Amino acid sequence: MVITGQNLDKGITVTNPGCLSLTEVAGGSPTQRTFTCKIIAVGTFNATVTNANGGSLYFASLTSTLAAAPQVTLGTSQGNIVVELNPAKAPVTVDNFLNYVESGFYPNKIFHRVEKNFVIQGGGYTSDLTLATTSATIKLETGLSNTRGTIGMARTSVADSATSQFYFNVIDNSAAFDASTTNTGYAVFGKIVSGLDVMDQISNVPVSAQGGLSNVPVTPVLITSAKRTQ
């Protein structure tokens, strides 16, 4: 984003809710300053430029389109699961998940929590139940429902605490997991488009208490690969 005008060295603030990591490029002048960011939002959002006193200098309604929803194929020791992500409803969560995928984080992690007729959860532990080091936590986004076959971000009791761990809803968990006046909710960010049978197969493997965790598969269910395929 190139901002042109007069007295820009007196201080301006650029706001663009459609992107992350808004950063100014070095070498700006009193009449021109350049900013870069990573676009993550889909849809229409407002960009603003204000001066040092908070006065409005510029306003524009911008639209970001997406030719096709991103998809990720998770290879597991039980088969492949293809998930379609929804950046229009959960842009920060989708960006976070894709960052882990593209960095090669998920291979050799396991599904460490398998609860039949409830959820399967993975993406944080190795097969020896060592918890992997993750990136920073992200904010909670609750625009989608926890219906059967959706993928959501696991978190602690703190709302904005999700990192790498995700779960699949084996059944419709809307009542338990969706945000409401009495429930903070959990962030759904996509759905399974192929491999629902693999999810069901994983949900039925024998489990036991191991390493302080309650529902660990007796034979590790590995994530063997994670690749963006659309």
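Anything mentioned here points back to the structure above.
Below you will find a few notes about this structure. These figures come from a predicted structure and were not determined experimentally.

## Some words on the side chain of Thr 163
Logical step 1: Within the secondary structure, Thr 163 sits in the loop between β11 (150-153) and β12 (166-169).
Logical step 2: For Thr 163, a relative accessible area of 17% gives the class buried.
Logical step 3: Those residues within four positions of Thr 163 in sequence are excluded, and the remaining contacts are Asn 96, Tyr 100, Thr 134, Ser 135, Ala 136, Thr 137, Met 153 and Ala 154.

## Focus: helix α3 (residues 196-203)
Logical step 1: For α3, every residue scored as buried is listed here: Val 198, Met 199, Ile 202 and Ser 203. Projection of α3 onto a plane perpendicular to its axis shows the buried side chains occupying an angular sector of 140°, all on one side.
Logical step 2: Those residues of α3 hidden inside the fold are in contact with β7 (71-76), β8 (79-85), β9 (109-115), β10 (119-126), β12 and β13 (187-194).

## Concerning the state of the cysteines
Every disulfide links exactly two cysteines, by a covalent bond between their sulfur atoms.
Logical step 1: Following the criterion strictly, the structure yields one disulfide and no others.
Logical step 2: Bridging Cys 19 to Cys 37, the disulfide has an S-S length of 2.4 Å. One quick way to see it: the torsion about the S-S bond of Cys 19 and Cys 37 is about -105°, and its sign makes the bridge left-handed. Taken together, the residues Cys 19 in strand β3 (residues 19-24) and Cys 37 in strand β4 (residues 32-39) connect sequence positions 18 residues apart.
Logical step 3: For Cys 37, a relative accessible area of 27% translates into the label partly exposed.

## A word on the sheet that holds β13
Logical step 1: Strand order in this closed barrel of eight strands is β7-β8-β13-β11-β12-β10-β9-β16, and the pairing throughout is antiparallel. Pairs of neighbouring strands in the sheet enclose a mean axial angle of 35°, with direction left out of account.
Logical step 2: In this structure, β9 lies alongside strand β16 (residues 222-228), joined through two bridges in antiparallel fashion. Each bridged residue has a counterpart across the sheet, and for Lys 109 the counterpart in β16 is Ile 223.
Logical step 3: Across the sheet, helix α1 (residues 91-102) is in contact with β7, β8, β11, β12, β13 and β16; its angle to β16 comes to roughly 110°.
Logical step 4: Across the sheet, α3 lies against β7, β8, β9, β10, β12 and β13, angled at about 120° from β8, the strand it touches most.

Reading the values: rules and limits
Residues numbered from 1 in each chain as written. Predicted model: local features only at pLDDT ≥ 70, side-chain atom pairs only at ≥ 80, totals over all residues. Heavy atoms only, no water. Helix = DSSP H or I, 4+ residues; strand = E, 2+ residues; numbered from the N terminus. Buried < 20%, exposed > 50% of the residue type's maximum accessible area, 1.4 Å probe, protein only. Contact = heavy atoms within 4.5 Å. Arc of directions from axis to C-beta. Disulfide = S-S within 2.5 Å. Pairing = 2+ DSSP bridges. Axes fitted to C-alpha atoms, helices over the stretch in contact; angles between N-to-C directions.

Any functional reading would require information beyond the geometric quantities listed.
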